[in-house]
Amino acid sequence: MDGLIQEKVRRFEEFVDLRLKPDLVHAIAERLNLRRNIENLEKNSVTSLQTLVNLGSEVYMQAEVPDTQRIFVDVGLGFHVEFTWSEALKYISVKEESLAKQIQEYTRLIASIKAQIKILFAKGFENYYSFQLRDSNNESIMKKRKRKRKRKRKTI
């Protein structure tokens, strides 16, 4: 039983370290790159430019942008929004704040789960079946999931 739980904990930590953290770092790097590019366009007063556009599968095509005053920013889920440079910079700032909050929340949640697992190991699993994981608001995660499922059923 100990080995099985330790393996699950190890896989969870591996998932966080190898999948979630790199995705988050990539998202932050993309925002910083976009910010730098917009600032360079403003500083150099660029009104048009030529660039390479990725068509997919690493196939590129040359493109000409006749007016750089408005840009399209990927806001997620395949949607792009047309912004002026200043609007794009504001959006990037808001998105960076949102990502920072997500990082803090996930860090707290992971620390809470690790602490609860250590408590389980310390107690020797005597109360294994009565033990319920709790989130940062001390609410049972299992109860929270049941509530979400009920809400989904009502909306369907």
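Whatever comes next refers back to the structure up there.
The text that follows walks through the structure, step by step, so that each part is easy to find. (Residues numbered from 1 in each chain as written. Predicted model: local features only at pLDDT ≥ 70, side-chain atom pairs only at ≥ 80, totals over all residues. Heavy atoms only, no water.)

The backbone phi angle of S45 is positive, close to 50°, even though this residue is not glycine. Its location among the elements puts S45 in the loop between helix 1 (2-43) and strand 1 (49-56). (Helix = DSSP H or I, 4+ residues; strand = E, 2+ residues; numbered from the N terminus.)

Moving on to a nonpolar patch on the surface. A cluster of nonpolar side chains, namely V53, L55, V59 and M61, defines an oily patch on the protein surface of about 350 Å² accessible area. Listing elements by their share of the nonpolar patch, those giving two or more residues are strand 1 and strand 2 (59-65). Turning to its location among the elements, V59 is positioned in strand 2. Overall, the relative accessible area of 44% leaves V59 in the partly exposed class. (Patch = residues over 30% accessible without salt bridge, like charges linked within 9 Å, V, L, I, M, F, W, Y side chains within 5 Å. Areas by Shrake-Rupley, 256 points an atom, 1.4 Å probe, with all protein chains shown as cover. Salt bridge = Lys/Arg side-chain N within 4 Å of Asp/Glu carboxyl O. Buried < 20%, exposed > 50% of the residue type's maximum accessible area, 1.4 Å probe, protein only.)

Applying the stated criterion across every chain yields a total of 1 aromatic pair. An angle of 25° between the planes, with centres 5.5 Å apart, marks the rings of F83 and Y91 as stacked. (Phe/Tyr/Trp six-rings, centres within 6.5 Å; stacked < 30°, edge-to-face > 60°.)

In this structure, I38, L41, I71, V73, F83, W85, A88, L89, Y91 and I92 together form the largest nonpolar core, which totals 10 residues. At the level of elements, helix 1, strand 3 (70-76) and helix 2 (85-123) are the ones that each hand at least two residues to this core. Among the elements that line this core, the one with the most residues is helix 2, at 5 residues. (Core = buried A, V, L, I, M, F, W, Y, C linked by side-chain atoms within 4.5 Å.)

These figures come from the coordinates and say nothing about function on their own.
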